[in-house]
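If you want the building blocks of each chain, they are given just below.
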Amino acid sequence: LDLTALDGYMRDLRGVKTKEELGMIRRAVQVSCQGQIEVMKAIKPGMSEREIQGVHEFVFKKYQAEDVGYPSIVGAGHNGCILHYIKNYKPEVSSKELILMDLGAEYHGYTADITRTIPINGKFSPDQKAIYDIVLAAQEAAMKKVKPGVSMTELNQVTKDVVNRGLKE
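Residues numbered from 1 in each chain as written. Predicted model: local features only at pLDDT ≥ 70, side-chain atom pairs only at ≥ 80, totals over all residues. Heavy atoms only, no water.

Asks: Give a description of the sheet that holds strand 4 (residues 105-107) that names residues and reports values.
Replies: Taken in spatial order, the 3 strands line up as 1-4-5 in an open sheet, and their pairing is antiparallel. The two strands at the open ends of the sheet, each matched to only one other strand, are strand 1 (67-68) and strand 5 (110-111). Pairing of strand 1 with strand 4 involves 2 bridges; the strand directions are antiparallel. Each residue of the ladder has a partner; that of Val68, found in strand 4, is Ala105. Packing against the sheet, helix 2 (residues 19-42) makes contact with strand 4 and strand 5, and its axis sits at approximately 150° to strand 4. (Pairing = 2+ DSSP bridges. Helix = DSSP H or I, 4+ residues; strand = E, 2+ residues; numbered from the N terminus. Contact = heavy atoms within 4.5 Å. Axes fitted to C-alpha atoms, helices over the stretch in contact; angles between N-to-C directions.)

Shown next, in the form of structure tokens:
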């Protein structure tokens, strides 16, 4: 039994999805998106990171997701800059802060991965808006390039080029 080769074969098999699997992935994405929408409506200054996480995870359960797909990341202010921050402990988010939310619902073993950064008070400052627009432009540029055969390295380079140009401007 060649376990090294088996890993490669299994990885290739997991990359091909049946119609049923795609349906479950889409459902996980729909529930996760609904969670973001409902949190955006409910969020307000003074809430804690854990309270915001709780709203997300409640919505996941409300729409029949079995679980969260990975530890939820909800980071306000500087906590949103900590890679894989999962403490979600900040007791009060101020009205001037941005909050990063990286959460995904799990539906029948399939997980979505949705990340959004929004202003806690619902309105970007001019500087926050400028950065948001650069990131959005990078995402849109990469999405235009996505097609079979285009590598993640190429897509990463497209986003880096857009971000670097935007920050320089």
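Asks: A description of the packing of helix 2 against helix 3 (residues 49-62) should follow, citing residues and the corresponding values.
Replies: Helix 3 packs onto helix 2 with a crossing angle of 135° between their chain directions and a minimal axis gap of 9 Å. Accordingly, the angle class assigned to the pair helix 2 and helix 3 is oblique. Helix-helix and strand crossings are classified by hand; for helix 2 and helix 3 the assignment is right-handed. Of helix 3, the residues touching helix 2 (which contributes Val31, Ser32, Gln34, Gly35, Gln36, Glu38 and Val39) are Ile52, Val55, His56, Val59, Phe60 and Lys62. Tallied by class, the residues present in the contact of helix 2 with helix 3 amount to 6 nonpolar, 5 polar and 2 charged. (Parallel < 35°, antiparallel > 145°, perpendicular 65-115°, else oblique. Left-handed = near helix turned anticlockwise from the far one by under 90°. Nonpolar A, V, L, I, M, F, W, Y, C, P; charged D, E, K, R; others polar.)

Asks: An account of the side chain of Asp102 is requested, with residue identities and associated values reported.
Replies: Locating Asp102 in the fold gives a position in strand 3 (residues 98-103). Buried charge without a salt bridge: Asp102, with Arg116 as the nearest opposite-charge side chain at an N-O distance of 8.9 Å. A distance of 2.6 Å separates polar atoms of two side chains, one belonging to Asp102 and the other to Tyr70. A distance of 3.3 Å separates the side chain of Asp102 from the side chain of Thr115, its partner in a polar contact. Excluding anything up to four places from it in sequence, Asp102 contacts Tyr70, Pro71, Ser72, Ile73, Asp113, Ile114 and Thr115. (Buried < 20%, exposed > 50% of the residue type's maximum accessible area, 1.4 Å probe, protein only. Lys, Arg positive; Asp, Glu negative; His and termini not counted. Salt bridge = Lys/Arg side-chain N within 4 Å of Asp/Glu carboxyl O. Polar contact = N/O pair within 3.5 Å; in protein donor to acceptor, adjacent residues only side chain to side chain.)

Asks: So what about the layout of surface pockets? Which residues, and what values?
Replies: In this structure, the largest pocket spans a volume of roughly 1,000 Å³. Residue lining of the largest pocket: 33 residues in total, with Leu100, Thr115, Arg116, Thr117 and Val135 positioned closest to the centre. Listing elements by their share of the lining of the largest pocket, those giving two or more residues are strand 2 (73-76), strand 3, strand 6 (114-119), helix 4 (126-145) and helix 5 (152-168). Ranked by residue count, the leading element in the lining of the largest pocket is helix 4, at 9 residues. (1 Å grid on protein atoms, 1.4 Å probe; cavity = no way out; pocket = protein on both sides within 12 Å on 5 of 7 lines; lining within 4 Å. Points joined across faces, edges and corners; volume = space filled by probe spheres on them.)

Asks: Report on the nonpolar core, specifying residues and quantitative values.
Replies: Counting 16 residues, the largest nonpolar core has Ile43, Ile52, Phe60, Val74, Ile99, Met101 and Ile120 as its most contacted members. For this core, the elements supplying multiple residues, two or more each, are helix 2, helix 3, strand 2 and strand 3. Formed by 6 residues, the second largest nonpolar core is a distinct cluster that contains Ala28, Tyr107, Tyr110 and Ile114. (Core = buried A, V, L, I, M, F, W, Y, C linked by side-chain atoms within 4.5 Å.)

Asks: Break down helix 4 for me, with residues and values.
Replies: Spacing of three or four residues puts side chains on the same side of an α-helix, whose turn is 3.6 residues. Taking 1.5 Å per residue, 20 residues should reach 28 Å; helix 4 reaches 29 Å between its end C-alpha atoms and fits that length. Of the positions making up helix 4, those classed as buried are Gln128, Ile134, Ala138 and Ala142. Down the axis of helix 4, the smallest arc covering the buried residues is 130°, so these residues share one side. The outward face of helix 4, more than 90 degrees from its buried face, is lined by the exposed residues Pro126, Met143 and Lys144. Packed against the buried residues of helix 4 are strand 3, strand 6 and helix 5. (Expected span 1.5 Å × (residues − 1). Arc of directions from axis to C-beta.)

Asks: Any details on the sheet that holds strand 2? Residues and values, ideally.
Replies: With antiparallel pairing, 3 strands are arranged side by side in an open sheet as 2-3-6. Strands at the two margins of the open sheet, each flanked by one partner only, are strand 2 and strand 6. Each strand of the sheet is rotated relative to its neighbour by a mean of 10°, with strand direction disregarded. Here strand 3 runs beside strand 6; their pairing, made up of 6 bridges, is antiparallel. Paired with Leu98 across the strands is Pro119, a residue of strand 6.

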